Amino acid sequence: LLKEGILCLQILFSYYKGKNLPLDKKYLDKIMFGLNEKIADSKLKEVYLQLLKILIEIYSQKAVYSLLFDILLRTNKMGVLKEYAIYLKDNIKEQNSISDIDLKNMIEFIVKLANHTNPQIRSISMEIICLLYKFVGPDLKQLISGIKESTFKLIEKELEKINYDNNPEFPIVYYLK
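Residues numbered from 1 in each chain as written. Predicted model: local features only at pLDDT ≥ 70, side-chain atom pairs only at ≥ 80, totals over all residues. Heavy atoms only, no water.

Before we go on, may I ask you to explain helix 3 (residues 45-59) in this structure?
Residue pairs spaced three or four apart in an α-helix point in one direction, given the helix's 3.6 residues per turn. The end-to-end C-alpha distance of helix 3 is 21 Å, a good match for the 21 Å that 15 residues give at a rise of 1.5 Å each. Of all the positions in helix 3, only Val47, Tyr48, Leu49, Leu51, Leu52, Ile54, Leu55, Ile56 and Tyr59 are classed as buried. Once helix 3 finishes, Ser60 follows within two positions and takes phi at roughly 110°, a positive value. (Helix = DSSP H or I, 4+ residues; strand = E, 2+ residues; numbered from the N terminus. Expected span 1.5 Å × (residues − 1). Buried < 20%, exposed > 50% of the residue type's maximum accessible area, 1.4 Å probe, protein only.)

Next comes the structure, spelled out in structure tokens:
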């Protein structure tokens, strides 16, 4: 029944998007707070991700991600964190950019992942950090300083393997705005 409800939301929001009708941000808030944990449910994951894609098209990636990071910084549910980390990693790879993502909130989320007790989640966070390094550059190390020392050393080893072209998409000055 929940799957059908999410499918109905997809249809409704697709209609609004197709007609260029305005949608109040409160709907985004309600949906994200109400459905954010459905990504960890294998039966609902695909329909939820499709709805998320529609919401991004309507409200913007920055708006959806900012709200999502805010929610995720308050949860400790391993399945939810893992699935969103994978989603984030895949999205950054696909877009080959982080320009539409709130970097400050994303860094906070990644530090949380890197400090997680689950090795799978830490591993995914390391992959995301390596992707971010290509866009932020060496300054990224300062931004992730809240990571436990043992994990930070592993990350530094991985970052040494990355060819960085000295042309950051987001220098540290951007982050500090």
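Would you take a moment to explain helix 9 (residues 149-160) for this structure?
Look at helix 9: 16 Å from first C-alpha to last across 12 residues, which is about the 16 Å you get at 1.5 Å a residue. Every buried residue of helix 9 is accounted for by Thr151, Phe152, Ile155 and Leu159. Buried residues in helix 9, looked at end-on, bunch into an arc of 100°, giving them a common side. Turned more than 90 degrees away from the buried face of helix 9, the exposed residues are Glu149, Ser150, Lys157 and Glu160. Elements in contact with the buried residues of helix 9: helix 6 (103-114), helix 7 (119-136) and helix 8 (140-143). (Arc of directions from axis to C-beta. Contact = heavy atoms within 4.5 Å.)

Got a minute to help me understand the packing of helix 2 (residues 25-35) against helix 3 in this structure?
Between two packed helices, the angle of one axis relative to the other and the distance separating the axes together describe the packing. Interaxial distance between helix 2 and helix 3 falls to 12 Å at its minimum, and their mutual angle equals 160°. As summarised for this structure, helix 2 and helix 3 are arranged roughly antiparallel, according to the angle between their axes. The element helix 2 and its partner helix 3 pack so that their crossing is left-handed. Residues Lys25, Tyr27, Leu28, Ile31, Met32 and Leu35 of helix 2 lie in contact with helix 3, whose contacting residues are Tyr48, Leu51, Leu52, Leu55 and Tyr59. Of the residues that constitute the contact of helix 2 with helix 3, the class distribution is 10 nonpolar, no polar and one charged. (Axes fitted to C-alpha atoms, helices over the stretch in contact; angles between N-to-C directions. Parallel < 35°, antiparallel > 145°, perpendicular 65-115°, else oblique. Left-handed = near helix turned anticlockwise from the far one by under 90°. Nonpolar A, V, L, I, M, F, W, Y, C, P; charged D, E, K, R; others polar.)

Would you mind going over the packing of helix 5 (residues 78-95) against helix 6 with me for this structure?
The contact between helix 5 and helix 6 brings their axes to 11 Å, and the two run at 130°. When the axis of helix 5 is compared with that of helix 6, the two are oblique. With respect to the hand of their crossing, helix 5 and helix 6 are arranged in left-handed fashion. Listed contacts from helix 6 to Leu81, Tyr84, Ala85, Leu88 and Ile92 of helix 5 are Met106, Phe109, Lys112 and Leu113. Grouping the constituent residues of the contact of helix 5 with helix 6 by class yields eight nonpolar, no polar and one charged.

Nothing here speaks to function; it is geometry throughout.
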